[in-house]
Amino acid sequence: NSVSAQSLPKNYAEALKEYSENAIDVAKFLDEKTENVLAKSFVDAAAANQATVEAAHIMLELVKTKKVRLIFGRLGISYKNFVSRIERLAENVPKTHNPTLLGQNWQKAVLYAFGETVKKHQDQITVVELFEGVVFSDKYVYDIITDLGCDLLKLKHVIEWMHAQKILIERLRKWKTLAAM
């Protein structure tokens, strides 16, 4: 179990090469809608001259999608109140004259979504997993959604219900195709 000195990289360039060979490009797992949400979140932050793109920027784009609006409907959360609080959160990101960078919470949200996608044995990260990633990786978004009375267990159940619906629809299509043959 111990690592020998010979197996460790000798310098930064060697370590970077080893990392590059073993790295996973999460962007390859994004579905089209999710990729658009992430791109728009970056454009919005850059247009506002903000230093970083954060999870709040992602959430502002996510709430425009049909599936995330469905989650709010199932949870009975005030959509307008949530959006106004997220807008204030996004506005508080510091301004800059330098290029906008991806913030830590943005990165955490995407990695959380990737992890959920892998757990569910899905091929692509959808807006539902990204929503879950934003809620559970950003303390401020988490606090906002819980302050509005969201039961986090119910949120997890709604997300699982949506995943089950997706699987059932895929299976139904497969069975209809097989029955038509």
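Look above for the structure.
This is a predicted model, so every value here is computed, not measured.

Draft legend 1. Quick look at a positive patch on the surface. Taken together, Lys33, Lys66, Lys67, Arg69 and Lys166 make up a surface patch of like positive charges. Take the positive patch: its biggest share by element is three residues, from helix 4 (residues 66-75). Tracing the backbone shows Lys66 in helix 4. The exposed category is assigned to Lys66, whose relative accessible area is 69%.

Draft legend 2. Main features of the packing of helix 3 (residues 55-62) against helix 7 (residues 127-137). Following both chains from N to C, one finds helix 3 and helix 7 inclined at 140°, their axes separated by 10 Å at the closest point. Of the two possible hands of crossing, helix 3 and helix 7 adopt the one that is left-handed. Note on element contacts: helix 7 touches helix 3 through Val127, Leu130, Phe131, Val134 and Val135, opposite Ala55, Ile58, Met59 and Leu62.

Draft legend 3. Spatial organisation of unusual backbone geometry. In this model, Asn49 sits at a positive phi of 55°, which is unusual for a non-glycine residue. Residue placement: Asn49 occurs in the loop between helix 2 (32-47) and strand 1 (52-53). A relative accessible area of 45% places Asn49 in the partly exposed class.

Draft legend 4. Expanded view of the environment of Val83. Examined against the element boundaries, Val83 turns out to sit in helix 5 (residues 79-91). In this structure, the C-alpha to C-alpha distance between Val83 and Leu60, residues 23 residues apart in sequence, is 7.0 Å. Once residues lying within four places of it in the same chain are set aside, the contact partners of Val83 are Leu60 and Val63.

Draft legend 5. The arrangement of the layout of surface pockets in detail. In this structure, the largest pocket occupies an estimated 340 Å³ of space. Together, 16 residues line the largest pocket, and Lys67, Met162, Gln165, Lys166 and Ile169 are the ones closest to its centre. At the level of elements, helix 4, helix 7 and helix 9 (152-180) are the ones that each hand at least two residues to the lining of the largest pocket. Ranked by residues supplied to the lining of the largest pocket, first place goes to helix 9 with nine residues. Considering only residue class, the lining of the largest pocket consists of six nonpolar, four polar and six charged. Of the pockets and cavities examined, the second largest pocket occupies roughly 240 Å³. Residue assignment for the lining of the second largest pocket shows that the elements contributing at least two residues are helix 2 and helix 6 (104-119). It is helix 6 that provides the largest number of residues to the lining of the second largest pocket, a total of four residues.

Conventions and cut-offs
Residues numbered from 1 in each chain as written. Predicted model: local features only at pLDDT ≥ 70, side-chain atom pairs only at ≥ 80, totals over all residues. Heavy atoms only, no water. Patch = residues over 30% accessible without salt bridge, like charges linked within 9 Å, V, L, I, M, F, W, Y side chains within 5 Å. Areas by Shrake-Rupley, 256 points an atom, 1.4 Å probe, with all protein chains shown as cover. Salt bridge = Lys/Arg side-chain N within 4 Å of Asp/Glu carboxyl O. Lys, Arg positive; Asp, Glu negative; His and termini not counted. Charge placed at Lys NZ, Arg CZ, Asp CG, Glu CD. Helix = DSSP H or I, 4+ residues; strand = E, 2+ residues; numbered from the N terminus. Buried < 20%, exposed > 50% of the residue type's maximum accessible area, 1.4 Å probe, protein only. Axes fitted to C-alpha atoms, helices over the stretch in contact; angles between N-to-C directions. Left-handed = near helix turned anticlockwise from the far one by under 90°. Contact = heavy atoms within 4.5 Å. 1 Å grid on protein atoms, 1.4 Å probe; cavity = no way out; pocket = protein on both sides within 12 Å on 5 of 7 lines; lining within 4 Å. Points joined across faces, edges and corners; volume = space filled by probe spheres on them. Nonpolar A, V, L, I, M, F, W, Y, C, P; charged D, E, K, R; others polar.

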